[in-house]
Amino acid sequence: MLRFHGAWRITVVGKNADFDQRAVVRSPYGARVLPGRVGATLDVDEDSWALTLEHHLWGRSWQPNLRTTPGPVTERDGMRSRLLVSNDCHWPGKPLDYVNFVLRLDQLPTAAPHPLPVRAAARHLAAVPPNPAPARAARHLAAVPPPPSAPRAVRTSSDGPATAAPRPQEDTATR
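Cut-offs applied
Residues numbered from 1 in each chain as written. Predicted model: local features only at pLDDT ≥ 70, side-chain atom pairs only at ≥ 80, totals over all residues. Heavy atoms only, no water. Core = buried A, V, L, I, M, F, W, Y, C linked by side-chain atoms within 4.5 Å. Buried < 20%, exposed > 50% of the residue type's maximum accessible area, 1.4 Å probe, protein only. Helix = DSSP H or I, 4+ residues; strand = E, 2+ residues; numbered from the N terminus. Pairing = 2+ DSSP bridges. Phe/Tyr/Trp six-rings, centres within 6.5 Å; stacked < 30°, edge-to-face > 60°. pLDDT = per-residue confidence, 0-100. Contact = heavy atoms within 4.5 Å.

Asks: Outline the nonpolar core, supporting the account with residue identities and numerical values.
Replies: Ranked by size, the top nonpolar core spans 17 residues in total, and within it Ile10, Val25, Leu34, Trp49, Leu51, Leu103 and Leu105 carry the most contacts. For this core, the elements supplying multiple residues, two or more each, are β1 (2-15), β2 (20-27), β4 (41-56) and β9 (101-107). With five residues, β4 is the single largest residue contributor to this core.

Right under this line is the structure:
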């Protein structure tokens with residue numbers, strides 16, 4: 001498992017394996033999977049995240065690759081990149097340095113301020129009403145008295161079943 005920080009784009013650049021391959025990104029906000037198809041990409045922008053390369057042996061579950069080797073970080077035109085090469089499993093006669101799966105990681109520029117992670121942003125947006133207009137309309141409609149033939153309002157509580165609202169009583173003491 002390799003650890004990374006910040007914004008990176010993961011791209012599958014090579015696959016030479018009989019088994020399915022994938023990259024799994026794990027972070028405090030969950031796991032995301034990048035399928036092992038050449039050209040597939042996944043953008044990750046989190047403070048801290050881990051990357052695991054895995055293979056799927058026929059009839060078995062997903063397993064971590066035997067060996068994952070990160071290449072050196074290179075910089076070209078201000079863009080930092082790094083290749084990861086991986087060998088899924090060992091078979092008799094297979095060289096130990098055989099490469100089955102190759103990923104390129106490109107560091108993405110980060111905008112200031114750092115954006116909220118996806119789930120935190122969703123929680124933030126959920127706290128804001130999507131359209132305040134219906135609430136205003138409901139308040140205005142509530143001020144209009146219902147017609148005499150309309151059913152009476154029902155009051156509900158969390159302590160019991162719904163009950164009909166009590167009818168207002170006339171004050172007979174003042175008559």
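Read on, since the account is not over.
Asks: So what's going on with the pairing of β1? Residues and values would help.
Replies: In the sheet, β1 pairs with β4 via nine bridges, with the strands oriented antiparallel. Counterpart to Ala7 in the pairing with β4 is Asp45. Sheet topology places β1 next to β9; seven bridges connect them, and they run antiparallel. Residue pairing in the sheet places Lys15 in a bridge with Phe101 of β9.

Asks: Let's hear about the packing of aromatic side chains: which residues, and what values?
Replies: Summed over all chains, the structure comprises three aromatic pairs. Judged by centre distance (4.8 Å) and plane angle (20°), the ring pair of Phe4 and Trp49 falls under stacked. Within this pair, whereas Phe4 is found in strand β1, its partner Trp49 is found in strand β4, the two being separated by 45 residues in sequence. The two residues Phe4 and Trp49 agree in class, both being buried. When the ring of Phe19 is compared with that of Trp58, the centres are 4.7 Å apart and the planes differ by 65°; the resulting orientation is edge-to-face. Taken together, the residues span a long stretch of sequence, with Phe19 in the loop between β1 and β2 and Trp58 in the loop between β4 and β5 (62-64) at a distance of 39 residues. Note on Trp58: relative accessible area 64%, which makes it exposed. Through a chain of ring-to-ring contacts, three or more aromatic side chains come together here, namely Phe4, Trp8 and Trp49.

Asks: How would you summarise the confidence of the model for the protein chain if you had to cite specific residues and measurements?
Replies: When pLDDT is averaged across the protein chain, the result is 77; 63% of the residues are at 70 or more. This model gives residues 120-142 a pLDDT under 50, and the stretch forms two contacts once residues within four places in sequence are excluded.

Asks: Could you give me a rundown of the side chain of Asp88, with the residues and numbers involved?
Replies: Mapped onto the secondary structure, Asp88 falls in the loop between β8 (79-87) and β9. If we skip the residues at most four places from it in the chain, Asp88 touches Ala17, Phe19, Gln21, His55, Pro64, Asn65, Leu66, Lys94 and Asn100.

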